[in-house]
Amino acid sequence: MAEEMRIVLRNYGKIDPLNIDEYIAAGGYKALEKAKGMNQIDLIEEVKKSNLRGRGGAGFNCGQKWFFAYQTNADQKYVVCNADEGEPGTYKDRLIMQGDPQSVLEGMAVCGYAIGANKGFIYCRGEYPYVVDILNQAIDQAKAKGVLGDFDIEVRMGAGAYVCGEETALIESIEGHRGEPRFKPPFPGVEGLWGKPTIINNVETFANIPVIVDKGGDWYAAIGAPSYPGTKVLTLTGDVNNKTFFEVPTSTTIREVVYGLGGGVAGGKKFKAVQIGGTSGGFIPESLLDTAISFDAMSAIGATLGSGAVFVMDESRDMVDVVAEITRFFEHESCGKCAPCREGTARMNELVGKIKDGKGSAADIALLKKLGGVMSIACLCGLGQAAPAPVLTTLGHFAADYEDKLV
Amino acid sequence: MSYKEIIARYAEVPGGIIEAFHAVEKELSFLPEEAIAEAARVFKMPAAEAFGVASFYSMFSTKARGKNIIRLCESAPCHVAGAAEVVAAIEKELGIRMGESTKDGLFALEFTECVGQCQATPVITINSKPYLDVTPAIVPNILAEYK
Ligand SMILES: Cc1cc2nc3c(=O)[nH]c(=O)nc-3n(C[C@H](O)[C@H](O)[C@H](O)COP(=O)(O)O)c2cc1C
Ligand code: FES
């Protein structure tokens, strides 16, 4: 049976998050000291060797990304922590920041040293003012102790926009603008916040860093799935017995998560589907449950690991009803900058609504598939590109739910 | 504190208009037109741009609304956990519909997307404080705290 393994949540529930001395007593800030004793290239090589890949959804190699920013010459560079956590069903970054804020600060400071940045920002979603308070207290304590050296960290708040989790929209938002994504390239590592080289990593990615520096890249690379090593913090919601969170090696299968740690489907009902990675994730049927939760294994079945949200649905759930909620979400959250997303999310919501109301036809289903295909390649950012996934995967795996409603 | 004094506190923060708007909303519950115009002056941007920022983010409102902002999560995990019944219960208790404010100015009622407390759905927040596992039966008790 699947076992938990706590790397990111190593101190969760064990130390007082608002007492830096307890973090230090648990070995905190040793990694930063060790990192500063290495030269920057060796440090980046160590992170590369761990093969740590971003935990914010895109799965980019962390050390590789740091190297781009390190290489770029500039008078000022920035480190940004993405704490926007907007994927419905996800609360792992909140857990990390509430339970062990210093681990995130330490990870950011290591990155700052590696790329040559003396200023960091944490962009925390507006829905978490109580987390912002914790972060500010943690920063004050770290400054008072002098553990961060000349690295400065400031918290900025979002204000309720899912798209601001996208890295370039996030940068726009910190700059005080509407959170509309930029065209890439240039990538933030070259031209980011206020035009300066900027590293943006997810909260969970940063929380992994001190352990990697401490125990070495090889140690980390040997945990979980080789192509996406380490652990992942998962949050279980929906019709599952244990609606809670777990941190597991990335080689753990979906079945082990749902039936092992999750305790199976609630109320003795039968399993119908699980959506992983948040609202933009694909829906997964029973037949694919033996897939590992690692990034590549999930991609191979047309799904995503994404944020690690695990939303379980029992046999009584109508996929069209759930998907209609999701298409509504995307229409609301589309920033409107590019036409394929602005128009596409609206039409998609309209078509799914029509089918849900018993007014749709086979032609509408064909149109949905075509529209989804176009959006996944034509939209400017990941929001519009991923928005069709729940529709297309349910049309693929749960076609009967749609067909039953056609005129 | 007046909105002018509040906004002035953020004048030196690069990109600080969003922080300033949060602070104004904390005091007034919404962003009056004059406050947005003032922010445009302080942060040296055209008024249209400042309005663009104010209207982009769902937590900000350019229309007056009740003092205590009740937000009900309508994302999928809360939806399947029975958010609709909670909506009905709050609407009945307050005598208003989603998107409205009570006549006495005490409450505003809105939908929100996931607020990251999905371990105990359905979820509502009041002035961002989360209330978990909400049922229609406990709605009156929760609201009583703010009356
Ligand atoms: C619509 C959209 C929303 C996103 N939301 C988040 C988010 O809430 N948190 C996050 O870390 N990354 C989010 N991302 C991914 C970021 O753009 C970026 O890839 C990530 O922050 C990089 O950090 P990582 O390499 O550590 O994962 C989002 C991407 C898109 C397209
Ligand atoms: S889905 Fe409602 S709080 Fe997360």
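### What about the overall build of chain A?
Okay, so step 1: On a plain count of helices and strands, chain A comes out with 18 helices and 11 strands.
Okay, so step 2: For chain A, buried positions account for 60% of its 407 residues.
Okay, so step 3: Here the analysis covers contacts within chain A between residues at least 6 apart in sequence; of these, 72% occur between residues at least 24 apart.
Okay, so step 4: As displayed, chain A has an accessible area near 14,200 Å², and 52% of this comes from carbon and sulfur atoms.
Okay, so step 5: The positive charge centre, built from 41 side chains, and the negative charge centre, built from 51, are 2 Å apart in chain A.

### With respect to the interface of chain A and chain B
Okay, so step 1: Contacts between chain A and chain B engage 45 residues on the former and 34 residues on the latter.
Okay, so step 2: Counting the surface lost from both chain A and chain B, the interface buries some 3,100 Å², and carbon and sulfur atoms represent 55% of this.
Okay, so step 3: Summed over the shared surface of chain A and chain B, the number is 2 salt bridges.
Okay, so step 4: We note a salt bridge from E74(B) to R328(A), for which the minimum N-O separation is 3.0 Å.
Okay, so step 5: Elements that contribute at least two residues to the side of chain A that touches chain B include exactly helix 7 (129–145), strand 3 (152–157), helix 8 (167–174) and helix 13 (319–333) of chain A.
Okay, so step 6: Looking at which element gives the most residues to the side of chain A that touches chain B, the answer is helix 13 of chain A, with 8 residues.
Okay, so step 7: A per-class count over the side of chain A that touches chain B returns 19 nonpolar, 11 polar and 15 charged.

### Describing the pattern of salt bridges
If charged atoms from side chains of opposite charge come close, those side chains can pair.
Okay, so step 1: For the structure shown, the criterion picks out 40 salt bridges over all chains.
Okay, so step 2: With a shortest N-O distance of 2.7 Å, E154(A) and K119(A) are connected by a salt bridge. Residue E154(A) is located in strand 3, and its partner K119(A) is located in strand 2 (residues 119–124); the two are separated by 35 residues in the primary sequence.
Okay, so step 3: For the salt bridge of E113(B) with R328(A), the shortest nitrogen-to-oxygen distance reads 3.1 Å. Of this pair, E113(B) sits in the loop between strand 2 (107–112) and strand 3 (124–126) while R328(A) sits in helix 13, which puts the two residues in different chains. For the pair E113(B) and R328(A), a shared accessibility class is recorded, and that class is buried.
Okay, so step 4: Linked by salt bridges that have partners in common, K119(A), K143(A), D152(A), E154(A) and R156(A) make up one network.

### Looking at helix 5 (residues 92–99) of chain A
Okay, so step 1: Across the 8 residues that make up helix 5 of chain A, a large majority, 7, are buried.
Okay, so step 2: Buried residues of helix 5 of chain A: K92(A), D93(A), R94(A), L95(A), I96(A), M97(A) and G99(A), and no others.

### Description of the site of ligand 1
All names here are of chain A.
Okay, so step 1: Close to ligand 1 lie 19 residues; G56, N82, N201, N202 and T205 are nearest.
Okay, so step 2: Residue R55 places a main-chain N or O atom 3.3 Å away from an oxygen atom belonging to ligand 1.
Okay, so step 3: A distance of 2.7 Å separates an oxygen atom of ligand 1 from a polar side-chain atom of N202.
Okay, so step 4: Relative to its free-state accessible area of 610 Å², ligand 1 is covered by the protein chains to the extent of 89%.
Okay, so step 5: If you list the elements that add at least two residues to the shell around ligand 1, you get strand 4 (198–202) and helix 16 (382–386).
Okay, so step 6: Here the shell around ligand 1 gets 3 residues from one element, more than from any other, and that element is strand 4.
Okay, so step 7: Counted by class, the shell around ligand 1 contains 4 nonpolar, 9 polar and 6 charged residues.

### A short note on the pairing of strand 7 (residues 231–238) of chain A
All names here are of chain A.
Okay, so step 1: The buried fraction of strand 7 amounts to 8 of the 8 residues, a majority that puts the element mostly inside the structure.
Okay, so step 2: Here strand 7 runs beside strand 8 (residues 245–249); their pairing, made up of 5 bridges, is antiparallel. When the bridges of strand 8 are listed, T231 appears paired with P249.
Okay, so step 3: Hairpin connection of strand 7 to strand 8: 6 residues between the antiparallel strands.

### What to know about the packing of aromatic side chains
Okay, so step 1: Throughout the structure, instances matching the rule amount to 15 aromatic pairs over all chains.
Okay, so step 2: Centroid distance Y128(A) to Y130(A): 6.0 Å. Interplanar angle 50 degrees. Geometry classified as tilted. The pair Y128(A) / Y130(A) is uniform in exposure class, with both members buried.
Okay, so step 3: Members of the aromatic cluster, joined through ring pairs, are F21(B), F56(B), Y57(B) and F60(B).
Okay, so step 4: The positively charged end of K119(A) is found above the aromatic ring belonging to F121(A), 5.0 Å away from the centroid.

### Observations concerning the domain arrangement of chain A
All names here are of chain A.
Okay, so step 1: Its domain assignment divides chain A into domain 1 (20–222), domain 2 (225–314) and domain 3 (319–403).
Okay, so step 2: For domain 2 and domain 3, the distance between their C-alpha centroids amounts to 23 Å.
Okay, so step 3: Both faces combined, the contact of domain 2 with domain 3 buries some 1,000 Å², and carbon together with sulfur accounts for 77% of it.
Okay, so step 4: Area buried by domain 2 at its contact with domain 3 is led by K272, T279 and F283, which between them contribute 54% of it.
Okay, so step 5: On inspection of domain 2 and its partner domain 3, the count reaches 1 salt bridge.
Okay, so step 6: Close ionic contact of K272 with D401 constitutes a salt bridge, the shortest N to O distance being 2.7 Å.
Okay, so step 7: In this structure, the connection of domain 2 to domain 3 is made through 2 residue pairs in polar contact (both at pLDDT 80 or more).
Okay, so step 8: Listed by contribution, the elements that provide at least two residues to the side of domain 2 that touches domain 3 are strand 9 (271–276), strand 10 (283–285) and strand 11 (309–314).

### Some remarks on the sheet that holds strand 4 (residues 129–131) of chain B
Two orientations exist for strands paired in a sheet by backbone hydrogen bonds: parallel and antiparallel.
Residues and elements named next belong to chain B.
Okay, so step 1: The strand order 2-1-3-4 describes an open sheet built from 4 strands, whose pairing is mixed. The open sheet has two edge strands, strand 2 and strand 4, and neither has a second partner. The sheet shows a mean angle of 25 degrees between the axes of neighbouring strands, direction not considered.
Okay, so step 2: Two strands pair when backbone bridges link them, and strand 3 and strand 4 are joined in this way by 3 bridges, in the antiparallel orientation. The residue of strand 4 that forms the bridge with I124 is Y131.

### Quick notes on the domain arrangement of chain B
Okay, so step 1: Segmentation of chain B into domains returns domain 1 (3–56) and domain 2 (68–144).
Okay, so step 2: Distance from the C-alpha centre of domain 1 of chain B to the C-alpha centre of domain 2 of chain B: 28 Å.

Calculation rules
- Residues numbered from 1 in each chain as written.
- Chains lettered and ligands numbered in written order.
- Predicted model: local features only at pLDDT ≥ 70, side-chain atom pairs only at ≥ 80, totals over all residues.
- Heavy atoms only, no water.
- Helix = DSSP H or I, 4+ residues; strand = E, 2+ residues; numbered from the N terminus.
- Buried < 20%, exposed > 50% of the residue type's maximum accessible area, 1.4 Å probe, protein only.
- Contact = heavy atoms within 4.5 Å.
- Areas by Shrake-Rupley, 256 points an atom, 1.4 Å probe, with all protein chains shown as cover.
- Lys, Arg positive; Asp, Glu negative; His and termini not counted.
- Charge placed at Lys NZ, Arg CZ, Asp CG, Glu CD.
- Buried area = accessible area lost by both parts, 1.4 Å probe.
- Salt bridge = Lys/Arg side-chain N within 4 Å of Asp/Glu carboxyl O.
- Nonpolar A, V, L, I, M, F, W, Y, C, P; charged D, E, K, R; others polar.
- Near = heavy atom within 4 Å.
- Polar contact = N/O pair within 3.5 Å; in protein donor to acceptor, adjacent residues only side chain to side chain.
- Pairing = 2+ DSSP bridges.
- Phe/Tyr/Trp six-rings, centres within 6.5 Å; stacked < 30°, edge-to-face > 60°.
- Lys NZ or Arg CZ within 6 Å of the ring centre and 35° of its normal.
- Domains from an automatic or database assignment.
- Axes fitted to C-alpha atoms, helices over the stretch in contact; angles between N-to-C directions.

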